[in-house]
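Each chain, written out:
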Amino acid sequence: MRSIVARVAAVAAIIVVCSAHVGSPDAWFEGNAGPYHVIVQIATPGVVPGVANVFTRVGGPGVEQVTAQANRFDALATAPPPEVAEPVEGDPGLYAAPLWIMSGGSNSVTVNVRGSLGEGKAVVPVVVVANRRLALDPKLGVALVAVGVFLFVGLITIIGASVRESVLPPGEAPDARRRWKARTAMAVAVAIVALALFGGSRWWNLEDSRFNKSIYKPLTASAAIASSDEGRILDLRISDSAWMMRNDTTWLRTHSSNKWSPLIPDHGKLMHVFMIREPDLLAFAHLHPSTTDSVSFPSALPALPPGRYRVYGDIVHESGFTETLATRIDLPEPSEAIATATDPDDAFHVAVTPANRADARLEDGSVMTLERSANFVEGKEAALRFTVVGTDGKPLALEPYIGMAGHAVVTRDDGAVFVHLHPSGTISMASQMAFMMRQPGDSIAGRLGQRIKAKEASHPVTSVSENGMISFPYAFPKPGKYHMWVQVKHRGRILTGAFAFEVKPAES
């Protein structure tokens, strides 16, 4: 995308931790809005209420109008009217619209497209949370103080003059009694204004304190290694009191803002766990733990080499709210016994040499190549397109992997950015279904989640590429060195390709 997108992404790049991913606050979606193919980027505001910037790239002829409309997951009233998206100058097919988000939490943006092919819409879930406190520009602060002092002095002077001279005939000087009344009135005015300023200051500090408390804090998590006769077990736990006490009615009465909706499966998995060894980033795992209490999520550890690992856990709430748990763990030398995988879709990848920017040889001898027409630039739409070619030189026919043509994980080498990508973008499909399937009677916890689970089971994704190609819509929020792992499936085997590259800073 053009410089307008880069500027928005540059502002968003100061956010280190956000709800759905780490350091990657924008929501990306690629799919269809009726007969039109669309790629949607939603740059979240970082403060609530705030303005989100919605960019929609539309493919197809005869587009007449593109609109964007925001709605919160539990909204009972009619949604606000849609905002008309304007074409971005110099970038045909790209439309931009500012959109006010009035409430934090789980929201959605509905993109409507109208044209010669008819009408269509796409629902894009987006998590909007207050995650920063805007600072006052010192120069603006000095200017405001100067204006305030000028107005204060002017007000007191006007009050004194009006009491002292307003009823005197022209040319007559005020006597001592009038001057005394004027001074008294000025003193009273000073006291009243001072009291008003004190009250305003107290109100401002109270509002500021409330806002600081509303700033989003990810659920805390911890990880531990347990041993069993079958091998090692990774136990990822949600250790945050707001989650552990979510069903305690006595606790909730004093912590009502921390009430959480139940977890729902995304692509049939209640949690997606990713492990990345640091600092070399040569070992990677994608696991799917089980749970009996939604607090402890154990999964069998594959034969990962020892070292310190970053551990991430993606979860989706029934409200559509998505978040990423994050912690670290030290793995000792693996034991001789390797536990049977908790889930058949678990996979891991261990490299001997660092990844490169061009291609990766997969476990079955096939080659995955990153197609690159230009350098990656901070905030600019990245062309993350890959082709997989077999040992015979022909494109590999891919199979669905966890309901998708493929999965990808992107991280900056220092861990400041982490995101789990699909061909449909950064969004959770379960979150999208939560918005599309929600009904008025779904105020009962668990009802909507059951329907989503049933629909996922009855409508598995089977449409994948036959030409060995896969792509992911995304824009890197920060410059720096990145690693990326792309996972696909062929003949029942999960294949992982690792890549490394550098993202350049956006041009000022």
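> Pulling in residues and values, what's your account of the overall build of the protein?
A tally of regular secondary structure across the protein gives 7 helices and 26 strands. Evaluated residue by residue, the protein yields a buried proportion of 48% over its 508 residues. A separation of at least 24 residues holds for 67% of the contacts in the protein among residues at least 6 apart in sequence. Put simply, the protein shows about 24,800 Å² of open surface, and 58% of that area lies on carbon and sulfur atoms.

> Outline the pairing of strand 1 (residues 27-33), listing residues and values.
Among the 7 residues in strand 1, 6 count as buried, and that is most of the element. Both strand 1 and strand 2 (residues 36-43) contribute to a ladder of 7 bridges, which runs antiparallel. Counted as the bridge partner of Trp-28 is Gln-41 from strand 2. If you look at the hairpin formed by strand 1 and strand 2, you'll find 2 residues sitting between the two strands, and Gly-34 has a positive phi there, around 65 degrees.

> Which residues make up the packing of aromatic side chains, and what values go with them?
Scanning all chains against the criterion turns up 13 aromatic pairs. Relative to Phe-321, the ring of Tyr-216 lies with its centre 6.0 Å away and its plane at 50 degrees, an arrangement referred to as tilted. Here Phe-321 lies in the loop between strand 15 (307-316) and strand 16 (322-331) and Tyr-216 lies in the loop between helix 3 (176-214) and strand 10 (221-228), a separation of 105 residues in the sequence. Each member of the pair, Tyr-216 as well as Phe-321, carries the same accessibility label: buried. Among the aromatic residues, those joined into a cluster by ring pairs are Phe-274, Phe-284, Tyr-312, Phe-418 and Trp-485.

> Which residues make up the sheet that holds strand 24 (residues 469-475), and what values go with them?
Read from one edge of the open sheet, 4 strands run 18-19-21-24, paired in antiparallel fashion. Whereas interior strands pair on both sides, the edge strands pair on one side only; in this sheet they are strand 18 (359-361) and strand 24. The sheet shows a mean angle of 20 degrees between the axes of neighbouring strands, taken without regard to direction.

> How would you explain the confidence of the model for the protein if you had to name every residue and give the values?
Low pLDDT marks stretches whose predicted atomic positions should not be read closely. Per-residue pLDDT for the protein has a mean of 86; in total, 90% of the residues score no lower than 70. Between the elements of the protein, mean pLDDT differs from a low of 38, seen in helix 1 (residues 3-12), to a high of 97, seen in strand 13 (residues 283-287). In this model residues 1-18 is a low-confidence stretch, pLDDT under 50, and it forms 48 contacts with partners more than four residues away in sequence or in other chains.

> Can you tell me about the pattern of salt bridges, naming the residues and giving the values?
Two side chains carrying opposite charge are able to pair once their charged atoms lie near each other. What the rule picks out here adds up to 15 salt bridges. In this structure, Arg-385 engages Glu-371 in a salt bridge whose closest nitrogen and oxygen atoms are separated by 3.8 Å. Of this pair, Arg-385 sits in strand 21 (residues 381-389) while Glu-371 sits in strand 19 (residues 367-371), and the two are 14 residues apart along the sequence. With relative accessibility at 29%, the residue Glu-371 sits in the partly exposed group. One salt-bridge network, in which partners are shared between bridges, spans Lys-269, Asp-343, Asp-345 and Lys-489.

> Mind laying out the nonpolar core, listing which residues take part and the relevant values?
Judged by nonpolar contacts, the single largest core of 33 residues is most densely connected at Leu-384, Phe-386, Phe-476 and Met-484. For this core, the elements supplying multiple residues, two or more each, are strand 19, strand 21, strand 22 (407-412), strand 23 (418-421), strand 24, strand 25 (480-490) and strand 26 (493-504). If near-sequence neighbours (up to four positions away) are discounted, Leu-384 is found in contact with Leu-370, Phe-376, Leu-421, Ile-470, Ser-471, Phe-472, Tyr-474, Phe-476 and Met-484. Formed by 26 residues, the second largest nonpolar core is a distinct cluster that contains Tyr-36, Val-109, Ala-122 and Val-128.

> Please set out the side chain of Ser-366 residue by residue, giving values where relevant.
Topologically, Ser-366 is positioned in the loop between strand 18 and strand 19. Apart from residues lying up to four places away in sequence, Ser-366 is in contact with Ala-360, Arg-361, Val-388, Val-389, Gly-390, Thr-391, Leu-396 and Leu-495.

> So, unusual backbone geometry: which residues are in play, and what are the values?
Residue Val-48 is joined to Pro-49 through a cis peptide bond whose omega torsion reads -5 degrees. Note the cis peptide between Glu-278 and Pro-279, where omega equals 5 degrees. A positive phi angle, close to 60 degrees, is found at His-267, a residue other than glycine. Positionally, His-267 belongs in the loop between helix 5 (249-254) and strand 12 (272-278). The backbone of Arg-491 shows a phi angle near 55 degrees, a positive value even though the residue is not glycine.

> Describe a nonpolar patch on the surface, naming the residues involved and giving the relevant values.
Taken together, the side chains of Val-145, Val-149, Phe-152, Val-153 and Val-190 define a hydrophobic patch exposed on the protein surface, amounting to about 390 Å² of accessible area. Ranked by residues supplied to the nonpolar patch, first place goes to helix 2 (residues 138-165) with 4 residues. Relative to the helices and strands, Val-190 is located in helix 3. For Val-190, a relative accessible area of 34% gives the class partly exposed.

> Describe in detail the sheet that holds strand 2, supporting the description with residues and values.
Read across the sheet, 5 strands follow the order 1-2-3-7-6 without closing on themselves; strand pairing throughout is antiparallel. The sheet terminates laterally at strand 1 and strand 6 (86-87), the two strands that pair on one side only. In the sheet, strand 2 pairs with strand 3 (residues 50-59) via 7 bridges, with the strands oriented antiparallel. Note on strand 3: the bridge partner recorded for Ala-43 is Asn-53.

> With reference to specific residues and values, describe the packing of helix 2 against helix 3.
At a minimum axis distance of 8 Å, the contact between helix 2 and helix 3 shows a crossing angle of 150 degrees. Between helix 2 and helix 3 lies a crossing of right-handed hand. Contacts between helix 2 and helix 3 involve Phe-152, Leu-155, Ile-156, Ile-159, Gly-160, Val-163 and Arg-164 on the former and, on the latter, Arg-178, Arg-179, Lys-181, Ala-182, Ala-185, Met-186, Ala-189, Val-190 and Val-193. Each residue belonging to the contact of helix 2 with helix 3 can be placed in one class, and the counts come to 11 nonpolar, 1 polar and 4 charged.

> Let's hear about the side chain of Ser-319: which residues, and what values?
Tracing the chain through its elements places Ser-319 in the loop between strand 15 and strand 16. A polar contact of 3.3 Å, which involves the side chain of Ser-319, links it to the backbone nitrogen of Phe-321. Apart from residues no more than four positions distant in its own chain, Ser-319 is found in contact with Phe-73, Ser-106, Ser-261 and Phe-435.

> I'd like a rundown of helix 6 (residues 429-437), residues and numbers included.
When you tally the buried positions in helix 6, you get 7 out of 9 residues, the bulk of the element. Of the positions making up helix 6, those classed as buried are Ala-430, Ser-431, Gln-432, Met-433, Ala-434, Phe-435 and Met-437. The opening residue of helix 6, the one whose side-chain oxygen lies 3.2 Å from the backbone nitrogen of Ala-430, is Ser-428.

The rules behind these values
Residues numbered from 1 in each chain as written. Predicted model: local features only at pLDDT ≥ 70, side-chain atom pairs only at ≥ 80, totals over all residues. Heavy atoms only, no water. Helix = DSSP H or I, 4+ residues; strand = E, 2+ residues; numbered from the N terminus. Buried < 20%, exposed > 50% of the residue type's maximum accessible area, 1.4 Å probe, protein only. Contact = heavy atoms within 4.5 Å. Areas by Shrake-Rupley, 256 points an atom, 1.4 Å probe, with all protein chains shown as cover. Pairing = 2+ DSSP bridges. Phe/Tyr/Trp six-rings, centres within 6.5 Å; stacked < 30°, edge-to-face > 60°. Axes fitted to C-alpha atoms, helices over the stretch in contact; angles between N-to-C directions. pLDDT = per-residue confidence, 0-100. Salt bridge = Lys/Arg side-chain N within 4 Å of Asp/Glu carboxyl O. Core = buried A, V, L, I, M, F, W, Y, C linked by side-chain atoms within 4.5 Å. Patch = residues over 30% accessible without salt bridge, like charges linked within 9 Å, V, L, I, M, F, W, Y side chains within 5 Å. Left-handed = near helix turned anticlockwise from the far one by under 90°. Nonpolar A, V, L, I, M, F, W, Y, C, P; charged D, E, K, R; others polar. Polar contact = N/O pair within 3.5 Å; in protein donor to acceptor, adjacent residues only side chain to side chain.

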